[in-house]
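Residue strings, one per chain:
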Amino acid sequence: MIFVNLATLDLDASKKFFAALGFSANDEFSDDTTAAIPLSDTVSVMLHTHKKYAEFTKKQIIDSKTSSEVLLALSASSREKVDELVDKAIAAGGSPTGEPQDHGFMYGRAFDDLDGHTWEVMWMDPTAAQG
């Protein structure tokens, strides 16, 4: 399993943002400082308040709206699902970033979440991946 830990300035707003994308917090592993957001059976995003995130590192927490610490990529089952997820993110307060990438066999778009973390959503034709 993979747990992606991210600092957020407003935990409630971030939970609402991810809920608008179709991802609900797992209350069993969430509290007033952390929200566990399963993205799949094997990948979860752990959203932490800055105070909680600081308990895990001695490094300075960056302003992810002006600096980049990670690019997160999600796969989608179709080109339409790429557009659907990115459009939901933008409607929920995220912002588009970069231009859509269309290579025929591979298609992707990206958005920044409320805290400025960049999420890339991509689809690749499974037959092209095999060849």
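Residues numbered from 1 in each chain as written. Predicted model: local features only at pLDDT ≥ 70, side-chain atom pairs only at ≥ 80, totals over all residues. Heavy atoms only, no water.

*Asks:* Quick rundown of the sheet that holds strand β2 (residues 34–38)? Include the residues and the values.
*Replies:* Strand pairing within a sheet occurs via backbone hydrogen bonds; the two strands may be parallel or antiparallel. If you walk across this open sheet you meet the three strands as β1-β3-β2, and the pairing is mixed. At either margin of the open sheet sits one strand with a lone partner, and together these are β1 (2–8) and β2. Between one strand axis and the next, the sheet turns through 20 degrees on average, direction left out of account. Across seven bridges, β1 lies against strand β3 (residues 43–49) in parallel orientation. Residue pairing across strands places Phe3 opposite Ser44, the latter belonging to β3. (Pairing = 2+ DSSP bridges. Helix = DSSP H or I, 4+ residues; strand = E, 2+ residues; numbered from the N terminus. Axes fitted to C-alpha atoms, helices over the stretch in contact; angles between N-to-C directions.)

*Asks:* Help me get a handle on the pattern of salt bridges, residues and values and all.
*Replies:* Applying the stated criterion across every chain yields a total of six salt bridges. One salt bridge in this structure joins Glu55 and Lys52, with 3.4 Å as the shortest N-O distance. Taking the shortest distance from any N to any O, the salt bridge between Arg109 and Asp87 comes out at 3.1 Å. One end of the pair, Arg109, is in strand β7 (residues 106–112); the other, Asp87, is in helix α3 (residues 79–91), with 22 residues separating them in the sequence. The class of Arg109 is buried, set by a relative accessible area of 18%. Linked through salt bridges whose partners overlap, the residues forming this network are Lys81, Glu84 and Lys88. (Salt bridge = Lys/Arg side-chain N within 4 Å of Asp/Glu carboxyl O. Buried < 20%, exposed > 50% of the residue type's maximum accessible area, 1.4 Å probe, protein only.)

*Asks:* Describe α3, naming the residues involved and giving the relevant values.
*Replies:* Between its first and last C-alpha, α3 extends 18 Å over 13 residues, near the 18 Å set by a 1.5 Å rise per residue. Looking at α3, one finds that the buried residues are Val82, Leu85, Val86 and Ala89. Looking down the long axis of α3, one finds its buried residues gathered within 95 degrees of arc, a one-sided arrangement. For α3, exposure combined with an orientation more than 90 degrees from the buried face picks out Glu80 and Ala91. Looking at the packing, one finds that the buried side of α3 touches α1 (11–20), β4 (71–75), β7 and β8 (118–124). At the exit of α3 stands Gly93, carrying a positive phi of roughly 110 degrees. (Expected span 1.5 Å × (residues − 1). Arc of directions from axis to C-beta. Contact = heavy atoms within 4.5 Å.)

*Asks:* Account for the side chain of His117, naming residues and giving values.
*Replies:* Structurally, His117 can be placed in the loop between β7 and β8. A relative accessible area of 2% means that His117 is categorised as buried. Setting aside its immediate chain neighbours within four residues, His117 contacts Leu6, Ala7, Ser64, Glu69, Leu72, Phe111 and Asp112.

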